[in-house]
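Below, each chain spelled out in residue letters.
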Amino acid sequence: MANLFDKMFGRTPKGTSTTAKDRLQVVLIHDRFNLPPEKLREMKEEILAVISKYVSVDRESVDIALEQRDRSSSKIRAEIPFSPNRHTDPDEDVPDNIKASNLPEFLGSLPVVIPTPTPEPNPKHSGSEAKAGGESGDGSSTDTPSESVNSSFDSGSGSSTSN
Amino acid sequence: MGAKVITVTSGKGGVGKTTTTANLGVALARMNLKVVLMDADIGLRNLDIVLGLENRIVYDLVDVVEGRCKARQAMIKHKQFPELYVIPAAQTRDKTAVSPADMIDVCNQLRPDFDYIIIDSPAGIERGFRNAVAPADEVLVVTNPEVSAVRDADRVVGLLEAENKGPGRLIINRIKPEMVKKGEMLSADDVFDILRIKIIGIVPEDENVVPASNSGIPVTLNEGSRAGVAFRNIARRVHGEDVPFMQLEEAPNFLQRLSKLFGGGQN
């Protein structure tokens, strides 16, 4: 809340405390899930491999990150822009202007939100696992006030592009 | 009904667990409550010296656990507060001399006679930590506003949750208002945003703390000390009172930020 307020009024706090906070928020989310950034990258590659079998993914704009608003609720948020696969037969000559890579971006996007049960502490959330697939559509549309989307992307891109 | 057992822990060493335990004990005793403090840092005995009781030890916690004396016999009475006692840690043994079950047992022996049993946990998340936490009804997690301490605090909170002891309540110790103002130190708000557990106390850095330990008279007894006030406030909150947080310039809430922005008032 305070951060948003700061941003709104252009009052960006300077100094190393902001860096400390950002770094801690990224590292703690990986700590809590015992899912280090390298593992997250592996997971991301596997997810993209599966999706790429069906549609053409714009890899540059993919954003997959762990997100946790408080200690008891957590999710994997994935923003995966895609365009339709160019053709089932890759060898067939497709005119350049309709190749997947040239298609305008608005053709598709696949926002996915996968709730993740908290590690050990909260066994209550067992139900959410089974429903994960079905909920993903609703979750992404109702559960994304701009504030949290931004913050999750900030921390996500920080963790996945930092190498 | 019996005593409430409160464990003070942190993960990282040197953040102020023993200082907190001693001051909380004294502050509760000043409120006319019956308190026993227990040093669970076997092998690194400290609580006694901070309270000025180092020359009066006969028995220790391991003696109690191994049956060489009754819990009552190991308790050292504080000079100033007759209802405040300390059970010191053994100095020549290690953490394996005590088990979590032993700790629960000792606390159960003491519960009927006291209002609070406060356990000073060793640093780390190993056996000593598990010993200290086993009998706890409530856990206080001490941290400093710096990355290593906050990260360790988060780990401890995770472990507490896994053992159904937590999340615990947080004490942010040694915060320096001038540094927070310059943006060079995490504020209490920042630490809360990161850890997301309830804060029970914010203790400012205070030059009275070291002299207080030097002389074995906890800073809580120094009426002019800001840290002393903070510890007394924590004691009252522990006891269920709703005490507003001390006005620390470094922890402005939303409204204060607003007024600073529009009124420009700097204080």
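## A short note on the overall build of chain A
Line of reasoning, step 1. Counting its regular elements, chain A contains five helices and four strands.
Line of reasoning, step 2. When its helices and strands are written in sequence order, chain A yields α-α-α-β-β-β-β-α-α.
Line of reasoning, step 3. At a minimum sequence separation of 6, the contacts of chain A that also span at least 24 residues come to 65%.
Line of reasoning, step 4. In the structure as shown, chain A presents an accessible area of about 10100 Å², 54% of it carried by carbon and sulfur atoms.

## Quick word on the overall build of chain B
Line of reasoning, step 1. The number of helices and strands found in chain B is twelve helices and eight strands.
Line of reasoning, step 2. Along the first, second and third principal axes, the C-alpha set of chain B runs to 65 × 40 × 35 Å.
Line of reasoning, step 3. The 267 residues of chain B split such that 55% are buried.
Line of reasoning, step 4. For chain B, the share of sequence-separated contacts (at least 6 apart) that also reach a separation of at least 24 residues comes to 73%.
Line of reasoning, step 5. Taken as a whole, chain B presents about 11300 Å² of accessible surface, with 48% of it coming from carbon and sulfur.
Line of reasoning, step 6. Side-chain charges of chain B comprise 33 positive and 35 negative groups, with the mean position of each set lying 2 Å from the other.

## What to know about the pairing of strand β1 (residues 4-9) of chain B
Residues and elements named next belong to chain B.
Line of reasoning, step 1. Across the six residues of β1, five count as buried, placing the element largely inside the fold.
Line of reasoning, step 2. Across four bridges, the pairing between β1 and strand β6 (residues 138-143) is parallel. Within β6, the residue paired with isoleucine 6 across the bridge is glutamate 138.

## Points about the confidence of the model for chain A
Residue and element names in this part refer to chain A.
Line of reasoning, step 1. Per-residue confidence for chain A gives a mean pLDDT of 64; residues scoring 70 or more make up 46%.
Line of reasoning, step 2. When mean pLDDT is compared element by element in chain A, helix α2 (residues 16-33) scores highest at 92, while helix α5 (residues 146-160) scores lowest at 35.
Line of reasoning, step 3. Note that pLDDT drops below 50 for residues 102-107; the model gives that stretch ten contacts with residues more than four away or on any other chain.
Line of reasoning, step 4. Considering only residues more than four positions removed or in separate chains, one finds that residues 121-163, a stretch of pLDDT under 50, has 46 contacts.

## Section: the packing of helix α7 (residues 147-162) of chain B against helix α9 (residues 188-195) of chain B
Residue and element names in this part refer to chain B.
Line of reasoning, step 1. In the contact formed by α7 and α9, the axes pass within 10 Å of each other and the chain directions differ by 40°. For the pair α7 and α9, the sense of crossing is right-handed. Within the contact between the two elements, α7 uses Val150, Ala153 and Asp154 and α9 uses Val191, Ile194 and Leu195.
Line of reasoning, step 2. Of the residues belonging to the contact of α7 with α9, the class tally is five nonpolar, no polar and one charged.

## Quick word on the side chain of B:Ser225
Residue and element names in this part refer to chain B.
Line of reasoning, step 1. By secondary structure assignment, the location of serine 225 is in the loop between α10 (209-215) and α11 (226-238).
Line of reasoning, step 2. A distance of 2.8 Å separates a polar atom in the side chain of serine 225 from the backbone nitrogen of glycine 228.
Line of reasoning, step 3. Setting aside residues no more than four positions away along its own chain, serine 225 makes contact with Asp206, Asn208 and Val219.

## Observations regarding the pattern of salt bridges
Residue and element names in this part refer to chain A.
Line of reasoning, step 1. Across all of its chains, the model carries 24 salt bridges over all chains by this definition.
Line of reasoning, step 2. Across the pair arginine 41 and glutamate 38 runs a salt bridge, and its minimum N-O distance is 3.0 Å. Note that arginine 41 and glutamate 38 are positioned in helix α3 (residues 37-52) at a spacing of three residues, about one turn of the helix.
Line of reasoning, step 3. You can call arginine 41 partly exposed: its relative accessible area is 21%.
Line of reasoning, step 4. With relative accessibility at 45%, the residue glutamate 38 sits in the partly exposed group.

## Some remarks on α11(B)
Residue and element names in this part refer to chain B.
Line of reasoning, step 1. Here α11 is 13 residues long and its end C-alpha atoms lie 18 Å apart, about the 18 Å a rise of 1.5 Å per residue gives.
Line of reasoning, step 2. Judged by how many residues are buried, α11 sits mostly within the fold: ten of 13 residues are covered.
Line of reasoning, step 3. Every buried residue belonging to α11 is among Ala227, Gly228, Ala230, Phe231, Arg232, Asn233, Ile234, Ala235, Arg237 and Val238, and all of these are buried.
Line of reasoning, step 4. Of the residues flanking the start of α11, the one acting as N-cap is serine 225, its side-chain oxygen 3.3 Å from the backbone nitrogen of alanine 227.
Line of reasoning, step 5. Residue glycine 240 follows α11 closely and has a positive phi angle near 100°.

## A few points about the state of the cysteines
Line of reasoning, step 1. The final tally for this structure, using the stated rule, is zero disulfides over all chains.
Line of reasoning, step 2. B:Cys69 takes part in no disulfide bond, and the closest cysteine sulfur, belonging to B:Cys107, lies 15 Å away.

## Some details on the sheet that holds strand β5 (residues 116-120) of chain B
Residue and element names in this part refer to chain B.
Line of reasoning, step 1. Spatial strand order, β3-β4-β2-β5-β1-β6-β7-β8: eight strands in an open sheet with mixed pairing. Each of the sheet's edge strands pairs with one partner strand only, and the pair in question is β3 (76-77) and β8 (199-204).
Line of reasoning, step 2. Alignment of strand β7 (residues 169-175) against β8, held across five bridges, turns out to be parallel. Considered in β8, the bridge of asparagine 173 is made with valine 203.

## Points about the packing of aromatic side chains
Residue and element names in this part refer to chain B.
Line of reasoning, step 1. Applying the stated rule across the entire model yields one aromatic pair over all chains.
Line of reasoning, step 2. Plain terms: the ring middles of tyrosine 85 and phenylalanine 114 are 5.8 Å apart, the flat faces sit at 80° to each other, and that makes the pair edge-to-face. In this pair, tyrosine 85 sits in strand β4 (residues 84-87) while phenylalanine 114 sits in the loop between α5 (100-110) and β5, placing the two residues 29 residues apart along the sequence. Of the two residues, tyrosine 85 and phenylalanine 114, both sit in the buried class.
Line of reasoning, step 3. A cation sits over an aromatic face here: arginine 237 above phenylalanine 245, 4.1 Å from the ring centre.

## Some remarks on unusual backbone geometry
Residue and element names in this part refer to chain B.
Line of reasoning, step 1. Glycine 166 connects to proline 167 through a cis peptide bond whose omega is 20°.
Line of reasoning, step 2. Take proline 167: it is sitting in the loop between α7 and β7.
Line of reasoning, step 3. The phi angle at asparagine 164 is positive, at roughly 55°, despite the residue not being glycine.
Line of reasoning, step 4. Relative to the helices and strands, asparagine 164 is located in the loop between α7 and β7.

Rules used throughout
- Residues numbered from 1 in each chain as written.
- Chains lettered and ligands numbered in written order.
- Predicted model: local features only at pLDDT ≥ 70, side-chain atom pairs only at ≥ 80, totals over all residues.
- Heavy atoms only, no water.
- Helix = DSSP H or I, 4+ residues; strand = E, 2+ residues; numbered from the N terminus.
- Contact = heavy atoms within 4.5 Å.
- Areas by Shrake-Rupley, 256 points an atom, 1.4 Å probe, with all protein chains shown as cover.
- Buried < 20%, exposed > 50% of the residue type's maximum accessible area, 1.4 Å probe, protein only.
- Lys, Arg positive; Asp, Glu negative; His and termini not counted.
- Charge placed at Lys NZ, Arg CZ, Asp CG, Glu CD.
- Pairing = 2+ DSSP bridges.
- pLDDT = per-residue confidence, 0-100.
- Axes fitted to C-alpha atoms, helices over the stretch in contact; angles between N-to-C directions.
- Left-handed = near helix turned anticlockwise from the far one by under 90°.
- Nonpolar A, V, L, I, M, F, W, Y, C, P; charged D, E, K, R; others polar.
- Polar contact = N/O pair within 3.5 Å; in protein donor to acceptor, adjacent residues only side chain to side chain.
- Salt bridge = Lys/Arg side-chain N within 4 Å of Asp/Glu carboxyl O.
- Expected span 1.5 Å × (residues − 1).
- Disulfide = S-S within 2.5 Å.
- Phe/Tyr/Trp six-rings, centres within 6.5 Å; stacked < 30°, edge-to-face > 60°.
- Lys NZ or Arg CZ within 6 Å of the ring centre and 35° of its normal.

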